[in-house]
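Topology and contacts: notes
One-letter residues, chain by chain:
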Amino acid sequence: MPELPDIVVYIEALEKRIKGSILERVRIASPFLLSTAVPALSSVEGKKVVELRRLGKRICFGLEGDLWLVLHLMIAGRLHWYDERAKAVKGRSVAVFEFSRGSLTLTEAGTQKRASLHVIQGEAGLEDLNPGGLEVFDATTEEFANALRARNHTLKRALTDPRIFSGIGNAYSDEILFDAKLSPFTLTQKLTDKD
């Protein structure tokens with residue numbers, strides 16, 4: 001599952017390719033992908049991409065008119081860039097985003113279709129999707145410790161809860177715990193300051 005570092009890399013790659021370009025068309029092949037009805041998906045077509053950002057484990061495409069496409073790749077979603085549109089339509093894509101500079105496709109392996117796409121109006125709409133977890137790279141050690149100990153959970157559950165920490169999922173929580181030499185079953189309120 002793409003997590004914070006992966007999403008950051010996706011955004012950096014997308015900024016080089018689509019920032020400032022026009023989103024000409026969005027084609028969705030899976031009825032399970034689109035999670036919103038208002039604003040309509042067609043409202044983003046013909047709009048310029050003005051910003052890209054991360055919201056937890058989601059990729060947010062900021063478009064003219066304060067419209068946002070918010071994409072959550074979940075476990076099996078992957079993005080692929082094609083300079084030539086003809087190549088983009090050949091695959092088994094869940095969605096194709098046609099930009100003035102090329103096409104971005106979303107594929108999803110497996111049978112469980114969990115990826116989601118929201119069309120959002122304004123910053124307030126984005127904030128409604130924000131689970132509110134602490135941005136770990138912006139936090140002090142004290143802020144991190146306070147967030148971790150605020151509720152009594154296992155370390156694994158606390159690290160992967162998007163309401164506690166933003167952008168950490170299963171894979172990176174395992175890496176964090178391995179590096180810290182801590183059991184995933186340790187209760188957060190039993191941690192020492194050294195831990």
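Residues numbered from 1 in each chain as written. Predicted model: local features only at pLDDT ≥ 70, side-chain atom pairs only at ≥ 80, totals over all residues. Heavy atoms only, no water.

As for the overall build of the protein
A tally of helices and strands in the protein yields six helices and eight strands. Ordered by position from the N terminus, the helices and strands of the protein form the series α-β-β-β-β-β-α-β-β-β-α-α-α-α. Projecting the C-alpha coordinates of the protein onto the three principal axes gives extents of approximately 55 × 35 × 30 Å. In the protein, which comprises 195 residues, the proportion classed as buried is 44%. (Helix = DSSP H or I, 4+ residues; strand = E, 2+ residues; numbered from the N terminus. Buried < 20%, exposed > 50% of the residue type's maximum accessible area, 1.4 Å probe, protein only.)

Side note on the environment of isoleucine 22
By the element assignment, isoleucine 22 lies in strand E1 (residues 22-28). Classification of isoleucine 22 as partly exposed rests on a relative accessible area of 28%. Sequence separation of isoleucine 22 and leucine 63 is 41 residues, and the distance between their C-alpha atoms is 8.9 Å. Excluding residues that lie within four positions of it along the chain, isoleucine 22 makes contacts with Gly46, Lys47, Lys48, Glu98, Phe99 and Ser100. (Contact = heavy atoms within 4.5 Å.)

Some words on unusual backbone geometry
Note that the residue after valine 38, namely proline 39, is joined by a cis bond; omega there is -5°. By secondary structure assignment, the location of proline 39 is in the loop between E1 and strand E2 (47-55). For methionine 74, which is not glycine, the phi dihedral falls at a positive 55°. Mapped onto the elements, methionine 74 comes out in the loop between strand E4 (67-72) and strand E5 (77-82). Take methionine 74: its relative accessible area is 22%, and that puts it in the partly exposed class.

Points about the packing of aromatic side chains
Evaluation of the coordinates by the stated rule reveals three aromatic pairs. Aromatic side chains tryptophan 81 and phenylalanine 99 sit 6.3 Å apart centroid to centroid with 40° between the ring planes, which places their arrangement in the tilted category. Placement of the pair is tryptophan 81 in strand E5 and phenylalanine 99 in strand E6 (residues 95-99), with a sequence separation of 18 residues. A relative accessible area of 2% means that phenylalanine 99 is categorised as buried. (Phe/Tyr/Trp six-rings, centres within 6.5 Å; stacked < 30°, edge-to-face > 60°.)

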